[in-house]
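Residues per chain are reported as follows:
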Amino acid sequence: PLAADLAAGRAALVLPSREALDSASGEQLSEWLKSMGGSYAYRVGYFDADGDYQEVMFTGDSQSPLMADAPGLAPHGVQSINHPGGQNVLDQGLSVRFRTKVLNGDRDHIFLNIEGEHAAGLGPKDIALIRSEYTPKGRLVPVDAD
């Protein structure tokens, strides 16, 4: 939807200055982070059993998602809003495939950790691709923070 709006002149991408970004908060900061990251979800690491954050190691595994179309986060489900019925997923083998399911294997949801949160995984096999306005611990800025 954003690409169509930009192409038709109904929307404009505004990139803030470093100073404006540093002083932003609440909804404004959330919107800037969302637009600056594009409409993608990125792989983040995981928290180990001791609660320490671990980065993802690049393995080249074609079954290991690295990036995808950003998901819509709605009560009716978590999946790409750009492509009804699926999402494009870049894997560590650097191939892009259109996936009709958000599960990686039998149980691992690519956009949610094992506790159902849009945040970092809770172990090395818990893959999570998160939107740019989120951090490994969850949403960066509450919408009503102003």
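This one's a predicted model, so the numbers in the text were calculated from it and none came from an experiment. (Residues numbered from 1 in each chain as written. Predicted model: local features only at pLDDT ≥ 70, side-chain atom pairs only at ≥ 80, totals over all residues. Heavy atoms only, no water.)

**Student:** So what exactly am I meant to see when it comes to the overall build of the protein chain here?
**Tutor:** For the protein chain, the count of helices and strands is three helices and 13 strands. Across the 146 residues in the protein chain, those meeting the buried criterion constitute 36%. Element-wise, carbon and sulfur atoms account for 55% of the exposed surface of the protein chain, whose accessible area totals about 8,800 Å². (Helix = DSSP H or I, 4+ residues; strand = E, 2+ residues; numbered from the N terminus. Buried < 20%, exposed > 50% of the residue type's maximum accessible area, 1.4 Å probe, protein only. Areas by Shrake-Rupley, 256 points an atom, 1.4 Å probe, with all protein chains shown as cover.)

**Student:** What's the story with the pairing of strand β1 (residues 40-44) in this structure? I'm lost.
**Tutor:** Put simply, side chains in a regular strand alternate between the two faces of the sheet. Strand direction decides the pairing type here: β1 and strand β4 (residues 65-69), joined by three bridges, are antiparallel. Bridge pairing in β4 places Tyr42 opposite Met67. Pairing of β1 with strand β11 (residues 128-131), which is carried by four bridges, proceeds in the antiparallel orientation. Looking across to β11, one finds that Val44 is bridged to Ala128. (Pairing = 2+ DSSP bridges.)

**Student:** How should the pattern of salt bridges be read in this particular structure?
**Tutor:** For side chains of opposite charge, pairing can occur when their charged atoms come near one another. Under the defined criterion, the tally for this structure stands at one salt bridge. When the shortest N-O distance is used, the salt bridge between Asp5 and Arg10 registers 2.9 Å. (Salt bridge = Lys/Arg side-chain N within 4 Å of Asp/Glu carboxyl O.)

**Student:** Is there a simple way to think about the side chain of Gln87 in this case?
**Tutor:** Tracing the backbone shows Gln87 in strand β7 (residues 87-91). Residue Gln87 is classed as buried on the basis of its relative accessible area, which comes to 0%. At 3.2 Å, the side chain of Gln87 and the backbone oxygen of Lys101 are in polar contact. (Polar contact = N/O pair within 3.5 Å; in protein donor to acceptor, adjacent residues only side chain to side chain.)

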